[in-house]
Amino acid sequence: MPGVFITFEGIDGSGKTTMLQSVALKLQSLGLPVVVTREPGGTELGRALRDLVLTHEMSPMAELFLYAADRAEHVARVIRPALEEGLIVLSDRYADATLAYQGYGRGLPLWMVRQVNQWATDGVMPKLTIVLDCEIAEARRRKGPSTDRFERDGEDFLTRVRQGYLEVARQEPERVRVISSSGPKDVTAELVWTTVASALNL
Ligand code: TMP
């Protein structure tokens, strides 16, 4: 496919959304065609699924399939068409989030999560994935008191998710780059931009 697919990952509060937005602005200022999207919630169905999955208690397996349904719709309606048109697609979370959260975090067998990801993505995988990494306590501070997700899921869960992302990066070092988001925001943004620019041959 002629377009380029780049995803941003990390635990809640890691700063991935801010970094994605900064990359999108830079690409736009260079006149490059960019699509900014997210999971869960990158389509109309996805927004309903996001609402469901983030506001209901459910079994890990039900959660796995709701994220997969969101992804299948997202790939079919947004990501694949944009890549076929030659656009640069930046997604705030994608398949690695399911490995990290439902696999490493909730403890579902990794082979099962990988299989479901395979079906949901229909083989569409990012050229580059940036994992923004920081301490759980720092991510929590950044999120502030507005979220109850830290309380709901707990620090142990998020520690497993963080380790899961780092493990995925160890397994696929060509595609997945870990960038620390512990330092000043502009330093992180510069590192992220250098990595993206190099993947795009800019
Ligand atoms: P967000 O706040 O970054 O948009 O993410 C919403 C939540 O969804 C976040 O806590 C991570 C979670 N999530 C999963 O557990 N599995 C997934 O596959 C995805 C895409 C998100």
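Structure: see above.
All of the points below concern the structure found in this document. (Residues numbered from 1 in each chain as written. Predicted model: local features only at pLDDT ≥ 70, side-chain atom pairs only at ≥ 80, totals over all residues. Heavy atoms only, no water.)

**Overview of the site of the ligand**
- Near the ligand, the surroundings consist of 14 residues, among which Asp-12, Lys-16, Arg-93, Thr-98 and Gln-102 are the closest.
- At 2.8 Å, a side-chain N or O of Arg-93 approaches an oxygen atom of the ligand.
- Between the ligand and Thr-98, the relevant distance is 2.6 Å, taken from an oxygen atom to a side-chain nitrogen or oxygen of the residue.
- Considered on its own, the ligand offers 480 Å² of accessible surface; in the complex 94% of this is hidden by protein.
- With four residues, helix 4 (residues 95-105) is the largest single contributor of residues to the shell around the ligand.
- Here the shell around the ligand is built from residues that sort into five nonpolar, two polar and seven charged. (Near = heavy atom within 4 Å. Polar contact = N/O pair within 3.5 Å; in protein donor to acceptor, adjacent residues only side chain to side chain. Areas by Shrake-Rupley, 256 points an atom, 1.4 Å probe, with all protein chains shown as cover. Helix = DSSP H or I, 4+ residues; strand = E, 2+ residues; numbered from the N terminus. Nonpolar A, V, L, I, M, F, W, Y, C, P; charged D, E, K, R; others polar.)

**Things to note about the packing of aromatic side chains**
- Enumeration according to the criterion identifies three aromatic pairs in this entry.
- Consider the rings of Phe-5 and Tyr-94, whose centres lie 4.8 Å apart with planes at 85°: the pair is edge-to-face. Of this pair, Phe-5 sits in strand 1 (residues 4-9) while Tyr-94 is found in the loop between strand 3 (88-92) and helix 4, placing the two residues 89 residues apart along the sequence.
- Residue Phe-5 is classed as buried on the basis of its relative accessible area of 3%. (Phe/Tyr/Trp six-rings, centres within 6.5 Å; stacked < 30°, edge-to-face > 60°. Buried < 20%, exposed > 50% of the residue type's maximum accessible area, 1.4 Å probe, protein only.)

**As for the pattern of salt bridges**
- Under the criterion given, the structure shown has 13 salt bridges.
- The salt bridge partner of Asp-122 is Arg-80, with a shortest N-O separation of 3.0 Å. Here Asp-122, found in the loop between helix 5 (110-121) and strand 4 (128-133), pairs with Arg-80, found in helix 3 (residues 60-84); they are 42 residues apart in sequence, far enough to count as distant.
- By relative accessible area, Asp-122 is classed as exposed at 52%.
- Between Glu-135 and Arg-162 there is a salt bridge, with its nearest N and O atoms 3.4 Å apart. Taken together, the residues Glu-135 in the loop between strand 4 and helix 6 (136-143) and Arg-162 in helix 7 (residues 149-171) connect sequence positions 27 residues apart.
- Since its relative accessible area comes to 45%, Glu-135 is described here as partly exposed.
- Each member of the salt-bridge network shares a partner with another, and the members are Asp-96, Glu-172 and Arg-175. (Salt bridge = Lys/Arg side-chain N within 4 Å of Asp/Glu carboxyl O.)

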